[in-house]
Amino acid sequence: MKECDLIISAPWLLPIAPQNIALRDHAIAISHGEIIAVDTAESVLKNFKAQDVVELSHHILLPGLINAHGHAAMTLLRGAGEDQSLQSWLTDTIWPIEGRLMSREFVALGTELAIAEMLKSGTTTFSDMYFFPDTVAQTASAIGIRAQVAFPVIEIPSVWSDGVTDGLHKGLALFDEYRHHQLVSIAFGPHAAYTVKPENLQQVAMYANELDAQVQIHLHENAAEVADGHQQNGKTWIQLLHDVGLLSDNLQAVHMTHVTEADQQLIVDTHTKVVHCPTSNMKLASGYCDVSAWLDREVAVGLGTDGAASNNSLDLFRELRLAALMAKHQQQDPSRGAAAHMLHTATLGGAQVLSIADHTGSVEVGKQADVIAVSTAALDMLPLHDPFAALVHGDAGRHVTDVFVKGIPLLRNGKFNTIDTVTLAARVESWHSAHF
Ligand SMILES: [Zn+2]
């Protein structure tokens, strides 16, 4: 018998690669955080001896979800600005509150709250773009969740940086610091094409290219932004990003609504990746990202919640359901947004977008053990005809019981190992009553 650290078995295993496969009564063996066997439970239990064996009785085991776009600390602004357009939501509500209250403590507290909410609903990797990215990286690393931290690049000065040059300087230092980190990677986060000058976008492209680093940007979020681009530049923002050298397989373009056929072709040709945030797009009435069309053209697509201020939840399972419904409704075709395809965007698709698919996003030998278990014992999950449909269209985020990142249990039987949620809730309440 071979030794390993942990065996997890469950009645259902959805490995995601290969796609569309549901395995019955399977188990995985984990050693030093890595998956070393995926086989029938009988075979794994016969061939491996583990220090810890987790036998799940009514569960679906699958790769942890990947929230490919968000602003974690905006959990503190959940519900603070409702029923506004993107432009008025940003300029009349969000930016003034951030201007008044932003601090390192704000980011530490809001990020911890976000990570707790994400873990509880099955997310094992998240991407962030916010002030004090060093604090976001530290918080993620201390809790043990995987993260891509995109440091902000924006002309507008903030408490974190004086502007683009200072932001790049601090961001590059952070990139160096986390270059070999096991859980956290640092990316460039130019806020949007309309908030960073073209010459500075060009500089970001140059650095990212040199360092082979990822870049995440809000792009074509709504019709007004796209119209402004035409008016200011005589071309779309997508074309402008192409001109400055940013469209590439290192670029993660978030939102991507109102995209012309010619611009779609540019995205396909440059292997640029797409992140879909359906709730945020619907809530701000921004537009529609045609996920099915991108998937048909073999563009890597991930799913994001965006910040809690425009969602208001960080439960990626809810996002999955909405993404599937939107795809069907928009195309007036119930065969679009199939559950297995959508689940792929929330797992391996997200990993491809963040360029971490070589080590996470699916349950395969050689990958890191980032896995979650969803209980199907609750009344609203019974009976289980189709595990993909149960995860995408059921309320699966509420039924996540166990979360492992790199084989480390962060949530076991619904209880956190690395977050004191009672104290956390009290700290959030006291922050709120001190400022509002
Ligand atoms: Zn965003």
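Bear in mind that the values here come from a model prediction, so they are computed numbers and not experimental data.

## Things to note about the overall build of the protein chain
Next, step 1: If you tally the helices and strands in the protein chain, you get 15 helices and 17 strands.
Next, step 2: The C-alpha atoms of the protein chain give 21 Å as radius of gyration, which agrees with the globular expectation for 436 residues (22 Å, within 12%).
Next, step 3: On the principal axes, the C-alpha backbone points of the protein chain span a range of 65 × 50 × 40 Å.
Next, step 4: Residue burial in the protein chain is summarised as follows: out of 436 residues, 53% are buried.
Next, step 5: Within the protein chain, contacts between residues separated by at least 24 positions form 72% of all contacts whose residues are at least 6 apart in sequence.

## With respect to the packing of helix α3 (residues 104–120) against helix α15 (residues 421–435)
Helix-helix packing is described using two parameters, namely the angle between the two axes and the distance between the axes.
Next, step 1: Following both chains from N to C, one finds α3 and α15 inclined at 135°, their axes separated by 10 Å at the closest point. With respect to each other, α3 and α15 are oriented oblique. You can see that α3 and α15 cross each other, and the crossing is left-handed. Between α3 and α15, the contacting residues are Leu 109, Glu 112, Leu 113 and Ala 116 on the first element and Thr 421, Leu 424, Arg 427, Val 428 and Trp 431 on the second.
Next, step 2: Along the lines of polarity and charge, the residues of the contact of α3 with α15 split into six nonpolar, one polar and two charged.

## Considering unusual backbone geometry
Next, step 1: Cis rather than trans, the peptide bond between Ala 17 and Pro 18 has omega equal to 0°.
Next, step 2: Mapped onto the secondary structure, Pro 18 falls in the loop between β1 (2–13) and β2 (23–31).
Next, step 3: Despite not being glycine, Asp 83 shows a phi value in the positive range, around 60°.
Next, step 4: With respect to the element layout, Asp 83 can be found in the loop between β6 (65–67) and α2 (86–101).
Next, step 5: In this model, Asp 212 sits at a positive phi of 50°, which is unusual for a non-glycine residue.
Next, step 6: Among the structural elements, Asp 212 can be located in the loop between α6 (198–211) and β10 (215–219).

## Observations concerning the domain arrangement of the protein chain
Much of the literature gives interface size as the accessible area that the parts lose upon coming together.
Next, step 1: What the domain assignment reports for the protein chain is domain 1 (2–64 + 369–416) and domain 2 (65–353).
Next, step 2: The straight-line distance from the C-alpha centre of domain 1 to that of domain 2 is 29 Å.
Next, step 3: Tallying the contact residues gives 24 residues for domain 1 and 26 residues for domain 2.
Next, step 4: The element contributing the most residues to the side of domain 1 that touches domain 2 is helix α14 (residues 387–393), with five residues.

## Considering the packing of helix α12 (residues 316–331) against helix α13 (residues 339–353)
Next, step 1: One way to put it is that α12 packs onto α13 with a least axis distance of 10 Å and a crossing angle of 135°. When the axis of α12 is compared with that of α13, the two are oblique. Read as a crossing pair, α12 and α13 show a hand that is right-handed. Residues Leu 316, Leu 320, Ala 323 and Ala 324 of α12 lie in contact with α13, whose contacting residues are Ala 339, Met 342, Leu 343, Thr 345 and Ala 346.
Next, step 2: The class makeup of the residues in the contact of α12 with α13 is eight nonpolar, one polar and no charged.

## Some thoughts on the environment of Arg 179
Next, step 1: With respect to the helices and strands, the residue Arg 179 is situated in the loop between α5 (164–177) and β9 (184–190).
Next, step 2: Since 11 C-beta atoms lie within 10 Å of it, Arg 179 is described here as exposed.
Next, step 3: As a C-alpha pair, Arg 179 and His 169 span ten residues in sequence and 16 Å in three-dimensional space.

## Digging into the pairing of strand β5 (residues 59–63)
Next, step 1: The buried fraction of β5 amounts to five of the five residues, a majority that puts the element mostly inside the structure.
Next, step 2: Where β1 lies against β5, two bridges are found, and the strand directions are parallel. Bridge pairing links Leu 13 to Leu 61 in β5.
Next, step 3: Of the strand pairs in this sheet, β5 and strand β14 (residues 371–375) are connected by five bridges, and their pairing is antiparallel. Along β14, the bridge assignment pairs Leu 62 with Ile 372.

## Section: helix α7 (residues 223–233)
Next, step 1: Those residues of α7 that sit buried are Glu 225, Val 226 and Gly 229. Here the buried residues of α7 occupy an arc of 100° about the axis, which is enough to place them on one side. Across from the buried face of α7, at angles greater than 90 degrees, the exposed residues are Ala 227, His 230 and Gln 231.
Next, step 2: The first or second residue beyond α7 is Gly 234, which carries a positive phi of 70°.

## Description of the pairing of strand β11 (residues 251–255)
For a regular strand, side chains alternate in direction, first toward one face of the sheet and then toward the other.
Next, step 1: When you tally the buried positions in β11, you get five out of five residues, the bulk of the element.
Next, step 2: Direction of pairing for β10 relative to β11: parallel, over a ladder of five bridges. Bridging from a neighbouring strand, Val 215 pairs with Leu 251 of β11.
Next, step 3: Inspection of the sheet shows β11 paired to strand β12 (residues 273–276) by three bridges, in the parallel sense. Each bridged residue has a counterpart across the sheet, and for Ala 253 the counterpart in β12 is Val 274.
Next, step 4: For the segment spanning β11, helix α9 (residues 261–270) and β12, crossover handedness is right-handed.

What counts, and where the lines are drawn
- Residues numbered from 1 in each chain as written.
- Predicted model: local features only at pLDDT ≥ 70, side-chain atom pairs only at ≥ 80, totals over all residues.
- Helix = DSSP H or I, 4+ residues; strand = E, 2+ residues; numbered from the N terminus.
- Rg over C-alpha atoms; globule rule 2.2 N^0.38 Å.
- Buried ≥ 20, exposed ≤ 12 C-beta atoms within 10 Å, placed from the backbone.
- Contact = placed C-beta atoms within 7 Å.
- Axes fitted to C-alpha atoms, helices over the stretch in contact; angles between N-to-C directions.
- Parallel < 35°, antiparallel > 145°, perpendicular 65-115°, else oblique.
- Left-handed = near helix turned anticlockwise from the far one by under 90°.
- Nonpolar A, V, L, I, M, F, W, Y, C, P; charged D, E, K, R; others polar.
- Domains from an automatic or database assignment.
- Pairing = 2+ DSSP bridges.
- Arc of directions from axis to C-beta.
- Right-handed = clockwise from strand over helix to strand, strands pointing away.

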